[in-house]
Amino acid sequence: MTLVTVSGWGFVADFLAFLDQVGFYALLGIEGKGFTRVMIPIARLIMTYQMKVLMGISSINLVPTRLFRQVALMQLIGYTATQMQLGFCERGNIESGPMHKNTLADAVERLTAEELEFILNETASRLQTKGFFNGSKGHFALDATDLETTAKYKGAGVKKYTEWKADKESKKAIEVERFAYGFKVLIVYEVRLRLVVAAKVVPINEHESKSTLSLVRQAVKNLGDGVVRVLLMDRGFLDGQDLWVLKHELGIDFVVPSKDKMRVTEDARGVCRQKGDWESLFAAERRGKKKVDKAGKVKREGQVSVMGVAGLTTYDQYGDLEHARRANRKDFEGNALNAVVVTCWQGEEYKVGKEKVFLSSLPAEDPLGVL
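Residues numbered from 1 in each chain as written. Predicted model: local features only at pLDDT ≥ 70, side-chain atom pairs only at ≥ 80, totals over all residues. Heavy atoms only, no water.

Participant: For this particular structure, what's the right way to read the side chain of Ser-209?
Facilitator: Mapped onto the fold, Ser-209 is located in the loop between β4 (196-203) and α8 (212-223). If we skip the residues at most four places from it in the chain, Ser-209 touches Gly-236, Phe-237, Asp-239 and Asp-242. (Helix = DSSP H or I, 4+ residues; strand = E, 2+ residues; numbered from the N terminus. Contact = heavy atoms within 4.5 Å.)

As structure tokens, this is what we get:
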């Protein structure tokens, strides 16, 4: 879903009452370190910007016509009739509303990352206190998204990458070097409830794995012990020492895709075509989604086939720091780790050596459950 918009704001009163119930307004008494002079309460500026988002207003230029003209709505979040007509001061040329549109945009920009993190973390804690995670199965995901900007943004990083582009003259694919400026947003969220419980913003060139443990620890602090039970991560967060801490210090199981050139990946693929012995190899399959053509005729019956592999010891980095330092010794023994290998997905069989491999601390006896 790329956009949510509404045709009216009848839901706002109930939403504001909900924020009051969870104690959200108590968080808005932040200091506002980026402000040299405060004429409009910072809490009201934040609530005004939230209304912009909730009303589906995509551009700050549309705020005067789409938001500020909704007098009853603005009064609902604390503005008086005088402020709506005359503004907060006599400076500037205001066509409508309590402030110039750029005042709202600049106010959000002046909030520091620490202030925004405080609001987010405390909100997650309040949702937990009110029982929002009581129905959670404990499955959380750790994800990263690039936010590209121009090179002029303060604090923005830069990363170099290559892409393939078709050359018009030679009609061949050529490799082109590109640069991306901006930031990377890292979040921990509950996969079923879709509630973000911890977040961090770093330069776009910073590797995801540097923030894994700090983000997870913040999520645990926000929600309390025992709420985060399984962490699902993408390949960018794969780090043996971090995985060891998650399982053996924080008590959190994990599922993460393995990389193709790792020895543990090759070992898992090497045994995935064998029959399950129900001691170290556990085969399982289930029906998948049927593939149909435009006429609705079934072209292929979908099937998912997996193999659980228990006790793999060839991921040398899976352990604490001292364990990794002993990796080149003759008497070195790796720590056991389980894997789930997908050999067939939705009726399409993977080629030998191309199977998808997931590393996990969860039991290999139920590979479909892990998948």
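The rest of the description comes next.
Participant: Would you explain a nonpolar patch on the surface in this entry?
Facilitator: Together, Val-158, Phe-179 and Tyr-181 give the surface a local cluster of nonpolar side chains, amounting to about 270 Å² of exposed area. The exposure class assigned to Val-158 is partly exposed, which follows from its relative accessible area of 38%. (Patch = residues over 30% accessible without salt bridge, like charges linked within 9 Å, V, L, I, M, F, W, Y side chains within 5 Å. Areas by Shrake-Rupley, 256 points an atom, 1.4 Å probe, with all protein chains shown as cover. Salt bridge = Lys/Arg side-chain N within 4 Å of Asp/Glu carboxyl O. Buried < 20%, exposed > 50% of the residue type's maximum accessible area, 1.4 Å probe, protein only.)

Participant: Quick question: what am I supposed to make of the nonpolar core here?
Facilitator: Among soluble globular proteins, nonpolar side chains are generally buried collectively. Grouped together as the largest cluster of nonpolar side chains are 73 residues, with contacts concentrated most on Phe-140, Met-233, Leu-243, Tyr-315 and Leu-359. Ranked by the residues each element gives to this core, the list is headed by α8, at six residues. Aside from chain neighbours lying at most four places away, what touches Met-233 is Leu-142, Thr-212, Leu-243, Leu-246, Phe-254, Val-255, Val-256 and Pro-257. Counting eight residues, the second-largest nonpolar core is a separate cluster that includes Val-304, Val-340, Val-342 and Val-370. (Core = buried A, V, L, I, M, F, W, Y, C linked by side-chain atoms within 4.5 Å.)

Participant: Looking at this model, I keep getting lost on the packing of α8 against helix α9 (residues 240-248). Mind explaining?
Facilitator: When two helices pack together, their arrangement is given by the angle between their axes and by how far apart the axes lie. Direction vectors running N to C along α8 and α9 enclose 20°, while the axes themselves pass 10 Å from each other. Between α8 and α9, the angle falls in the class roughly parallel. Here the hand of the crossing between α8 and α9 comes out right-handed. Taking contact as the criterion, the partners of Thr-212, Leu-213, Val-216 and Arg-217 in α8 are, on α9, Asp-242, Val-245 and Leu-246. Taken together, the residues of the contact of α8 with α9 sort by class into four nonpolar, one polar and two charged. (Axes fitted to C-alpha atoms, helices over the stretch in contact; angles between N-to-C directions. Parallel < 35°, antiparallel > 145°, perpendicular 65-115°, else oblique. Left-handed = near helix turned anticlockwise from the far one by under 90°. Nonpolar A, V, L, I, M, F, W, Y, C, P; charged D, E, K, R; others polar.)

Participant: Is there a simple way to explain the environment of Gly-87 in this structure?
Facilitator: Note that Gly-87 resides in the loop between α5 (81-86) and α6 (101-110). Note: C-alpha distance between Gly-87 and His-100 (13 residues apart in sequence) is 8.7 Å. Aside from chain neighbours lying at most four places away, what touches Gly-87 is Thr-82, Gly-97 and Pro-98.

Coordinates in, geometry out; function isn't part of it.
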